[in-house]
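# A look at the structure
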Amino acid sequence: MRFQRQRGTQDILPEQARQWQALDRSLRRTLAAFDYGEIRTPLFEDTQLFVRGVGSDTDIVQKEMYTFVDRKGRSLSLRPEGTAAVVRAYLENQMGHEGGVRRLFYIGPMYRYDRPQAGRFREFFQLGAEAIGSAEPEQDVEIIDLMMTALAQLPMPGLEVEVNSVGHPECRAAYETRLRQALASERTALCGTCQERIDANPMRVFDCKNEACRPVVQRLPRMREHLCAECSAHHDVVLAGLRELGIPHRENSTIVRGLDYYTRTAFEVHYPPLGAQSALGGGGRYDGLVEACGGPPTPGVGFSAGLERILFALEKTHAPAVATEDRIVILPLDRERRLQALQLAHALRELGPTAVDLSGRSLKSQLRAAGRSGARVAVILGAEDRSADEAVVRDLSVGVQAVHERTGVVAAVRALFQGQGG
Ligand code: AMP
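About the cut-offs
- Residues numbered from 1 in each chain as written.
- Predicted model: local features only at pLDDT ≥ 70, side-chain atom pairs only at ≥ 80, totals over all residues.
- Heavy atoms only, no water.
- Helix = DSSP H or I, 4+ residues; strand = E, 2+ residues; numbered from the N terminus.
- Buried < 20%, exposed > 50% of the residue type's maximum accessible area, 1.4 Å probe, protein only.
- Contact = heavy atoms within 4.5 Å.
- Pairing = 2+ DSSP bridges.
- Axes fitted to C-alpha atoms, helices over the stretch in contact; angles between N-to-C directions.
- Salt bridge = Lys/Arg side-chain N within 4 Å of Asp/Glu carboxyl O.
- Domains from an automatic or database assignment.
- Patch = residues over 30% accessible without salt bridge, like charges linked within 9 Å, V, L, I, M, F, W, Y side chains within 5 Å.
- Areas by Shrake-Rupley, 256 points an atom, 1.4 Å probe, with all protein chains shown as cover.
- Parallel < 35°, antiparallel > 145°, perpendicular 65-115°, else oblique.
- Left-handed = near helix turned anticlockwise from the far one by under 90°.
- Nonpolar A, V, L, I, M, F, W, Y, C, P; charged D, E, K, R; others polar.

We now examine the side chain of D395. As for its placement among the helices and strands, D395 is situated in strand 15 (residues 390-395). A residue is classified by how much of its surface remains accessible, and D395, at 7% relative accessible area, is buried. The contact partners of D395, leaving out residues within four places of it in the chain, are R376, V400 and L416.

Once that is clear, we can look at the pairing of strand 5 (residues 102-111). The two faces of a sheet get side chains in turn, since along a regular strand they alternate between them. Of all 10 residues in strand 5, 8 are buried; the element is thus mostly enclosed. In this structure, strand 1 (residues 37-38) lies alongside strand 5, joined through 2 bridges in parallel fashion. Looking at the pairing, E38 lines up with F105 of strand 5. Where strand 5 lies against strand 6 (residues 123-132), 10 bridges are found, and the strand directions are antiparallel. Its bridge partner being in strand 6, F105 is matched across the sheet by A129.

The strand order across the open sheet formed by 3 strands is 2-4-3, and the pairing between neighbours is antiparallel. Two strands in the sheet have a free side with no partner beyond their single neighbour: strand 2 (44-46) and strand 3 (67-69). Along the sheet, successive strands turn relative to each other by an average axial angle of 35°, direction set aside. Bridge count between strand 2 and strand 4 (residues 75-78): 3 bridges; the pairing is antiparallel. The residue of strand 4 that forms the bridge with E45 is S77.

The next point concerns the environment of G167. By the element assignment, G167 lies in the loop between strand 7 (160-165) and helix 6 (169-184). Residue classification places G167 among the buried residues on the basis of a relative accessible area of 0%. For the pair G167 and S232, spaced 65 residues apart in the sequence, the C-alpha separation amounts to 8.0 Å. Apart from residues lying up to four places away in sequence, G167 is in contact with R172, M223, L227, C231, T263 and R264.

What follows covers the pattern of salt bridges. The final tally for this structure, using the stated rule, is 26 salt bridges. A salt bridge links D59 to K63; the nearest nitrogen and oxygen atoms lie 3.8 Å apart. Of the two residues, D59 and K63 are both situated in helix 3 (residues 59-64); the distance of 4 residues between them amounts to about one turn of the helix. In this structure, the salt-bridge partner of D114 is R120, at a minimum N-O distance of 2.8 Å. Residue classification places D114 among the buried residues on the basis of a relative accessible area of 12%. A relative accessible area of 29% means that R120 is categorised as partly exposed. Put simply, D24, R28, E38 and R40 are held in one network by salt bridges that share partners.

Attention shifts here to the domain arrangement of the protein chain. With domains assigned, the protein chain is organised as domain 1 (14-168 + 228-316) and domain 2 (328-417). For domain 1 versus domain 2, the distance between C-alpha centres works out to 47 Å.

A contiguous nonpolar patch, built from L43, F44 and F68 and spanning about 250 Å² of accessible area, is present on the exposed surface. Among the secondary structure elements, F44 is positioned in strand 2. With relative accessibility at 45%, the residue F44 sits in the partly exposed group.

Along the polypeptide, L78 turns up in strand 4. Each C-alpha atom of the pair L78 and Y66 lies 5.5 Å from the other, and the pair is 12 residues apart in sequence. Excluding anything up to four places from it in sequence, L78 contacts L43, F44, F50, Y66, F68 and Y111.

Two elements in contact, helix 5 (residues 137-152) and helix 9 (residues 229-244), have axes separated by 8 Å at closest approach and are oriented at 40°. As far as their axial angle goes, helix 9 and helix 5 are oblique. For the pair helix 5 and helix 9, the crossing hand works out as right-handed. Judged by residue contacts, P137, E138, D140, V141 and I144 of helix 5 engage H234, V237, V238, G241 and L242 from helix 9. Its residues assigned to classes, the contact of helix 5 with helix 9 shows 6 nonpolar, 2 polar and 2 charged.

Put into structure tokens, the structure is as follows:
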């Protein structure tokens, strides 16, 4: 019996893992520079946390959670997103105790029973950041600035933020009544899913990808025109802030985000070269969430971005996330040289990742393998016509080699890396 990985999951092999690590390092540099602290929460939580925190009407809760019963009969779910767990941890660890704003980020796997397709997996990684404790619109600007700055380091020229306001529960309720009326009069032109949404959550029709619904959606009244004075003022400050900081953005009144707890600012970040699947991530303000999770009324704003999407975008636009490191391989050609090789490797590791070939194969096959592995330098110990104290240092990128005393190998490889060897 041969096992296969589960649908919608991936094996990340060493070559790709290097890209992941470089992305991780770059993102963490920006997050640290903005003084956001890492938080690591468990991969599974009480199912009710997600039902409350993500919203019982959402696709995530209704059809996408990996839910199971443990040996004591408790219903647990693999986390489908990061924010609800961060809020749970914020409350449980009394992180709001001292007042002020807590700035947190996470990087890790999320699980959704989504239909696997290009850029959509059942296990995928997200970076997310949350600023909990400020209701001020400038905090929304900071979160958007953080997301854009983190992505801009990779680099990704041409990024754009699409921004909207979904109001707050009171002004949204009045708008939803208007929206329901408008949708009811065109009910028959809508797809089945949208027809069901009219009563439950009418703003979700803006998320519909069905071509048939598009003309109706185009004609619908928009939240922007129904915001109350406070929400409207908040939105204006966010827009002014984005302009002031020179962050490329445009208003898009169809962005409502799938999650129930958003208030006021909702945004997505797009990378146009990706075409149809250009959204790298998004976020928004969630002033009702902490309360929904059992805490005191506490405002918050955050974003999340998909790491597979970001890596795919980097690959597609030929902007490698990593400069490849100079790697070294030592080829001991007989048993006596193997321990010497393991010892020499310690010194060479100061210069770059170093492996010893212990396959016991011929020089020819070891050299071929070294070439295939992408190593820059091969150090050959025990070549036939060389004395015991000599080593051959071969620059695999140009196929040139030189003989050195074994004690001089490190200096020779260093010189080669610095462009003085040959
Ligand atoms: P969401 O939490 O649904 O707002 O998603 C935020 C970002 O996470 C998206 O823009 C994607 O980049 C990524 N994402 C969401 N779902 C998936 C998935 N099933 N597979 C891969 N990436 C995803």
